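Single-letter residue listing:
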Amino acid sequence: MKLQLSVVSQESQLLSTEADTITAPTTTGEVTILPKHIPLYSKLQTGQFSYSNDGKQHWLIISDGFITVSPENEVTVIVDAATLARDVSEQKAREAIQAAKKTMETTTDRRELLMAEASLKKAMLEIKLAQQSKRSSR
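My aim in this report is to walk through the structure given alongside it, one point at a time. Model, not experiment: these values are computed from the prediction. (Residues numbered from 1 in each chain as written. Predicted model: local features only at pLDDT ≥ 70, side-chain atom pairs only at ≥ 80, totals over all residues. Heavy atoms only, no water.)

A few words now on the pattern of salt bridges. For the structure on display, the rule yields two salt bridges. A salt bridge links Asp-20 to Lys-2, with the shortest nitrogen-to-oxygen separation between them at 2.9 Å. With a gap of 18 residues between them, Asp-20 in the loop between strand E2 (13-19) and strand E3 (21-26) and Lys-2 in the segment before strand E1 (3-8) connect regions that are remote in the sequence. Its salt-bridge partner being Lys-2, residue Asp-54 comes within 2.7 Å of it at the nearest N-O pair. Placement of the pair is Asp-54 in the loop between strand E6 (47-53) and strand E7 (56-62) and Lys-2 in the segment before E1, with a sequence separation of 52 residues. Residue class for Lys-2 comes out partly exposed when judged on its relative accessible area of 27%. Each member of the salt-bridge network shares a partner with another, and the members are Lys-2, Asp-20 and Asp-54. (Salt bridge = Lys/Arg side-chain N within 4 Å of Asp/Glu carboxyl O. Helix = DSSP H or I, 4+ residues; strand = E, 2+ residues; numbered from the N terminus. Buried < 20%, exposed > 50% of the residue type's maximum accessible area, 1.4 Å probe, protein only.)

Positive phi outside glycine occurs at Lys-36, with the angle close to 70°. Relative to the helices and strands, Lys-36 is located in the loop between strand E4 (29-33) and strand E5 (40-44). Take Lys-36: its relative accessible area is 66%, and that puts it in the exposed class. For Asn-73, which is not a glycine, the phi torsion comes out positive at approximately 65°.

Put into C-alpha cells, the structure is as follows:
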C-alpha cells in the first residue's frame, strides 16, 4: 500500500506521486508518515522534506505551510514555496548566502533584515540538500 502525495505551492502543483514514506518538518518536530497513518493536520516550518518511493529517497526544501493526512492515505502539503532537489544549484545557493550576509551587515531596516535571514536559511538548506543529493547518487 502506498501514500498518495501532493505538494502544492502558491505557483503550482509541484508534485503528485506515490510514496512509501514521507518525512516533514512540523512546528512541533519532524514527523514520518507511513501508509495507514492516523488522520493528521499539522503546521509545517521551513526545512527539508523527504519522501521515498520504491527504495529511492527524494528531497525538497519547503517553506512554512500545512500538511494533512487523510484516512485514505492521501497526503497533501500546502506551502508558500518549495524547491525540488534536482532544481537546487549549490553555486546559486552560495551566492545567495553571500548576498544575505552582506544585507544583514549593512541594513538597518527590520523588514530587509528578516528577508535576508529567511534567504540565508533557505540557501543554507539548499546547500545541505545539494550535498546530500550528491552523496546519495553515488
